[in-house]
Amino acid sequence: MNMLIILALILSIGICFLIPLGSLAYFVIKDKKRIKSFFIGILIFFITQIVIRLPLIGFVFPKMKWYENMFLNTWLSAIFLALTAGLVEEIGRYIAFKYILKNNRTYSDGIAFGFGHGGIEAILITGISCIVILIGILVGNGFNLGITATDVFIVGFERLCAMVIHIGLSIIILYGVRENHIRYLFIGILIHTLVNFPIIILSRVFNVGFMGVEAYVFICAIIIGGFTIYAKNLYDKQKLN
C-alpha cells in the first residue's frame, strides 16, 4: 500500500472539501449576510454546468453531424469547449448578481459567491473521485489506477487554483453589475475562455506534459488572484448605480 498516494489523496480531499466548507463556516460565524451569496454560487454552477452545459455536450450535441465534424479539428473543439464554459458560467454569474442578489453586492459577496461556485466544482469534479480512489486503495489492499502521489497532489492543487480563478471572475462580474456596464460580462467570458482554451491546446497540440499545463493554471490563478486583492480598492472607491 503506497502511503504517499494515500496522503496525497487525503490532502486533495482536504483541499476540495475543507476550503469551501471552511469558508462557509466563516460566513456562518462571522458574516451571515454572505451565506446567500455562497449558496447562490453553488446553485449557479449546478444549473449552468450540471443541468445545462454538460448534458448538451455529453449527450445532445454528439448526435449532431456539425458537432462530430467540429471535433475533427482540435483548435475548433478547444475554442468551443472553452467558450461555452465561459458563456454559461459568466452569464449565470451576471444573472445571479443582477437579479437574485440585489441586496448582496459587496466585495465580500463576490468572494462568497466564488467560494460557493468554485467549491462545489472542486467537490464534484475532484473531491468525490479522490474519495472513491482512496476507498478503493484501502479496501482493495493496494489497489490503484496507475497514479502517482504527485499526480494526485497536483489535481488537488489545480482545484485550489480554480477556486481562486472563480473568485476573481465573480469579483469582475459583480463589479460590472455595480457599475451597470455590460462590458464586464464580456470581459469575464473572455478571461474564462482564455484560461480554459490553452489548457486543451497545450496538452493536445503541443504535447505539453501534465506539470506544464498545471503550471499554466497556477500562473492564471496568481494573476487573477492578484487582481482580486487589488479590486478591493476599486470596490471601496466605487459609487453604486
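Everything here concerns the structure above.
Below or above, wherever it landed, is the structure these notes cover. Not measured: the values here are computed from a predicted model.

Parameters at a glance
- Residues take numbers from 1 onward in each chain, read along the sequence in its written order.
- Thresholds applied to this predicted model are a pLDDT of at least 70 for local features of residues and 80 or more for the giving and counting of side-chain atom pairs; totals over whole chains, interfaces and linings are not thresholded and use all residues.
- Computation of side-chain values covers all heavy atoms of the structure but excludes hydrogens and water.
- Only DSSP runs of H or I reaching four residues or more are called helices, and only runs of E reaching two or more are called strands; each is numbered from the N terminus.
- Burial classification: accessible surface area is computed with a 1.4 Å probe over protein chains only, and a residue below 20% of its type maximum counts as buried, one above 50% as exposed, and the rest as partly exposed.
- Pairs of N or O atoms within 3.5 Å make up the polar contacts considered here, provided that, within protein, one atom can donate a hydrogen while the other can accept it, and that residues adjacent in sequence are counted only when both atoms are side-chain atoms.
- The contact rule is simple, with two residues in contact once any of their heavy atoms fall within 4.5 Å.
- Two joining distances apply to patches: 9 Å for like charges and 5 Å for nonpolar side chains (Val, Leu, Ile, Met, Phe, Trp, Tyr), and every residue must have over 30% relative accessible area and no salt bridge.
- For the area figures, the Shrake-Rupley method with a 1.4 Å probe applies, and any residue is considered shielded solely by the protein chains shown.
- By definition, a salt bridge exists where a carboxyl oxygen of Asp or Glu is found within 4 Å of a side-chain nitrogen of Lys or Arg.
- Note on aromatic contacts: the rings of Phe and Tyr and the six-membered ring of Trp form a pair at centre separations within 6.5 Å, being stacked when their planes are under 30 degrees apart, edge-to-face when over 60 apart, and tilted otherwise.
- Definition used: whenever NZ (Lys) or CZ (Arg) falls within 6 Å of the ring centre and also within 35 degrees of the ring normal, the charge is taken to sit over that ring.
- One less than the residue count of a helix, multiplied by 1.5 Å, gives the span that helix is expected to have.
- Bend at a given residue is defined as the angle between two axes, one fitted to the seven residues that end at that position and one fitted to the seven that begin there.

**Concerning the side chain of Gln238**
Along the chain, Gln238 turns up in the segment after helix H8 (210-237). The exposure class assigned to Gln238 is buried, which follows from its relative accessible area of 11%. There is a polar contact of 3.3 Å between the side chain of Gln238 and the backbone oxygen of Tyr175. Here the side chain of Gln238 touches Glu179 through a polar contact of 3.1 Å, side chain to side chain. Discounting residues that sit within four places of it in the chain, Gln238 has contacts with Tyr175, Arg178 and Glu179.

**Brief notes about a nonpolar patch on the surface**
Where nonpolar side chains cluster on the molecular surface, the patch consists of Leu43, Phe46, Ile47, Ile50, Val51, Ile52, Leu54, Leu124, Ile125, Ile128 and Val132 and spans about 870 Å² of accessible area. Within the residue set of the nonpolar patch, elements represented by two or more residues are helix H2 (35-60) and helix H5 (107-139). Element by element, the count of residues in the nonpolar patch is highest for H2, at seven residues.

**A word on the environment of Phe38**
Summarising the element assignment, Phe38 is placed in helix H2. Taking the C-alpha atoms as reference, Phe38 lies 20 Å from Ala85; in sequence the two are 47 residues apart. For Phe38, the residues in contact, after removing those within four places along its chain, are Pro20, Ser23, Leu24, Phe27, Ala112, Phe113, Phe115 and Gly116.

**Here we look at the packing of aromatic side chains**
Pairs of aromatic rings are described using the distance from one ring centre to the other and the angle between the two planes. Applying the stated criterion across every chain, the model contains 17 aromatic pairs. Here the aromatic rings of Trp66 and Phe80 are separated by 5.9 Å at their centres, their planes lie at 70°, and the arrangement is edge-to-face. Of this pair, Trp66 sits in helix H3 (residues 65-70) while Phe80 sits in helix H4 (residues 74-100); the two residues are 14 residues apart in sequence, bridging distant segments of the chain. A relative accessible area of 41% means that Trp66 is categorised as partly exposed. By relative accessible area, which is 16% here, Phe80 ends up buried. Positioned above the aromatic ring of Tyr107 is the side chain of Lys232, whose terminal nitrogen or guanidinium carbon lies 5.8 Å from the ring centre.

**Description of H8**
The terminal C-alpha atoms of H8 lie 41 Å apart, and with 28 residues this matches the ideal 40 Å at 1.5 Å per residue to within 8%. At Tyr230, H8 shows its maximal kink, close to 30°. Turning to H8, its buried residues number three or more, namely Val213, Glu214, Val217, Cys220, Ala221, Ile224, Gly225, Thr228, Ala231 and Tyr235. Along its buried surface, H8 packs onto H5, helix H6 (149-179) and helix H7 (183-204).

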